[in-house]
Amino acid sequence: MSSTVVTVNGEPRELDAGATVADLVALLAATPDGRGVAVAVDGEVVPRGAWQDTELVRGAQIEVLVAVQGG
Amino acid sequence: MSDVLKIAGRTFESRLILGTGGFTSHELLARALAESGAEMCTVALRRLDPGARSSILDVLDAAGVQVLPNTAGCFTARDAIITAQLAREAFATDWIKLEVIGDDRTLLPDAVELVDAAETLVDDGFVVLPYTTDDPVLARRLEDVGCAAVMPLGSPIGSGMGIRNPYNLTIMVERAGVPVVLDAGVGTASDAALAMELGCEAVLCASAISRAHDPVAMARAIRLAVQSGLLARGAGRIPRRLHAQASTPEEGIPVFDGPDAAG
């Protein structure tokens with residue numbers, strides 16, 4: 001299967017070609033439903049409802065964020 | 001002041017909002033949270049750490065408290081707006097503690113960026129609770145753009161310097177049409193009591209509890225201080241006066257002069 005290279009939280013990462021935001025969240029997050037997780041791609045918020053349909057293209061800058069203690 | 005705290009149509013029995021920053025473990029946070037009686041807790045958003053073993057959301061969900069995401073670490077309106085939108089996705093809440101910081105040494109709010117971000121977020125349907133300076137004019141501007149509360153500092157975040165300008169807070173409370181929540185500077189229980197005595201509707205407190213020698217005991221102390229301050233506010237303090245005013249009657253004071261007394 002071909003692959004693509006993106007940047008996740010500042011680090012390069014190889015993903016299967018055609019991988020979506022939902023695939024990436026499932027790979028990284030402890031909670032399968034992604035509760036407490038938010039994703040931005042190239043500085044734009046990807047709403048939860050669009051995770052399944054948002055493919056990650058080569059060179060995408062992805063931020064995967066979770067809740068931490070603060071404030 | 002009513003018996004309960006009301007913000008944006010939601011009511012809270014507790015007038016202490018717990019900031020979760022600074023606790024050395026989730027277990028300690030859970031114990032302090034229980035002792036604080038808080039019904040709302042702040043959280044922040046940061047890059048996912050694949051090595052993290054537990055989520056703060058587990059602690060907050062188990063306690064049944066409302067999550068109040070913040071935009072800590074944002075220096076521009078743009079970053080704060082994106083962070084608020086991400087928080088809405090992550091936590092399924094449109095409540096946001098809006099922080100737009102102007103300077104990483106003082107962590108003081110950037111007033112211009114703050115009002116700009118607040119206006120945009122209110123228009124986008126957020127319930128905006130802005131962390132602000134103790135400037136009554138800025139508080140009014142934030143209220144004018146639709147913020148659901150204003151959250152002035154007493155002194156800089158984490159400084160523990162208490163309320164440096166109680167007169168500004170008094171003016172702010174007098175003029176505000178939305179709840180005033182003291183949001184930074186509490187160092188110990190008396191600071192929280194003073195905030196309530198000045199007429200704040202609630203106190204948001206993180207470091208004073210999380211960095212105390214005994215956070216669980218301090219959580220209880222500050223919970224009680226908030227209640228005491230509210231009671232005292234309602235009871236009405238006596239006016240300050242420069243000179244003494246005896247509380248014991250001045251009539252009927254006996255005279256103990258003997259037969260040898262001069263005069």
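The rules behind these values
- Residues numbered from 1 in each chain as written.
- Chains lettered and ligands numbered in written order.
- Predicted model: local features only at pLDDT ≥ 70, side-chain atom pairs only at ≥ 80, totals over all residues.
- Heavy atoms only, no water.
- Helix = DSSP H or I, 4+ residues; strand = E, 2+ residues; numbered from the N terminus.
- Buried < 20%, exposed > 50% of the residue type's maximum accessible area, 1.4 Å probe, protein only.
- Contact = heavy atoms within 4.5 Å.
- Areas by Shrake-Rupley, 256 points an atom, 1.4 Å probe, with all protein chains shown as cover.
- Lys, Arg positive; Asp, Glu negative; His and termini not counted.
- Charge placed at Lys NZ, Arg CZ, Asp CG, Glu CD.
- Rg over C-alpha atoms; globule rule 2.2 N^0.38 Å.
- Salt bridge = Lys/Arg side-chain N within 4 Å of Asp/Glu carboxyl O.
- Buried area = accessible area lost by both parts, 1.4 Å probe.
- Polar contact = N/O pair within 3.5 Å; in protein donor to acceptor, adjacent residues only side chain to side chain.

Enquirer: Looking at this structure, I do not really get the overall build of chain B. What am I missing?
Expert: In terms of helices and strands, chain B carries nine helices and ten strands. Each of the three principal axes of chain B carries a C-alpha extent, and together these read 90 × 40 × 35 Å. Here chain B holds 263 residues, and 48% of them are scored as buried. In chain B, of all internal contacts separated by at least 6 residues, the share reaching a separation of at least 24 is 64%. Accessible area for chain B stands at about 13000 Å²; split by element, carbon and sulfur atoms hold 50% of it. When the 22 positive and 34 negative side-chain charges of chain B are each reduced to one mean point, those points stand 2 Å apart.

Enquirer: What exactly am I supposed to notice about the overall build of chain A here?
Expert: Scanning chain A from N- to C-terminus turns up one helix and five strands. When the elements of chain A are put in sequence order from the N terminus, they spell out β-β-α-β-β-β. Its C-alpha radius of gyration of 12 Å places chain A within 12% of the 11 Å reference for a compact globule of 71 residues. With the C-alpha coordinates of chain A rotated into their principal frame, the extents come out at 40 × 20 × 20 Å. Relative to its 71 residues, chain A shows a buried fraction of 44%. Across chain A, every contact between residues at least 6 apart in sequence was considered, and the portion connecting residues at least 24 apart equals 47%. If you sum the accessible surface of chain A, you get close to 3700 Å²; carbon and sulfur atoms cover 51% of it.

Enquirer: Looking at this model, I keep getting lost on the pattern of salt bridges. Mind explaining?
Expert: Two side chains that carry opposite charge are able to pair once their charged atoms sit near each other. All names here are of chain B. Counted under the stated rule, the structure contains nine salt bridges over all chains. A salt bridge links R78 to D79, with the shortest nitrogen-to-oxygen separation between them at 3.6 Å. By relative accessible area, which is 33% here, D79 ends up partly exposed. Residue K97 pairs with E99 through a salt bridge whose shortest N-O separation is 3.5 Å. Residue K97 is classed as buried on the basis of its relative accessible area of 4%. Assessed through its relative accessible area of 5%, E99 is described here as buried.

Enquirer: Just checking my understanding: could you explain unusual backbone geometry for this structure?
Expert: It is generally the case that most residues other than glycine have a negative phi and that most peptide bonds are trans. All names here are of chain A. Backbone geometry at N9 places phi at a positive 50 degrees, although glycine is not the residue there. For D42, which is not a glycine, the phi torsion comes out positive at approximately 50 degrees. You can see D42 is positioned in the loop between strand 3 (37-41) and strand 4 (44-45). Judged by relative accessible area, which is 48%, D42 ranks as partly exposed.

Enquirer: What am I meant to see in the interface of chain A and chain B here?
Expert: A common way to state how big an interface is: give the accessible area lost once the parts meet. At the interface, 24 residues of chain A touch 28 residues of chain B. Of the roughly 2200 Å² buried between chain A and chain B on both sides combined, carbon and sulfur atoms contribute 57%. For the chain A face of the interface with chain B, the top three residues by lost area are R35, Q69 and G71 of chain A, together amounting to 29%. In this structure, the connection of chain A to chain B is made through two salt bridges. The partner of D61 of chain B in a salt bridge is R35 of chain A, with the nearest N and O atoms 2.8 Å apart. Our count for the contact surface shared by chain A and chain B stands at 14 residue pairs in polar contact (both at pLDDT 80 or more). Within the residue set of the side of chain A that touches chain B, elements represented by two or more residues are strand 3 and strand 5 (61-68) of chain A.

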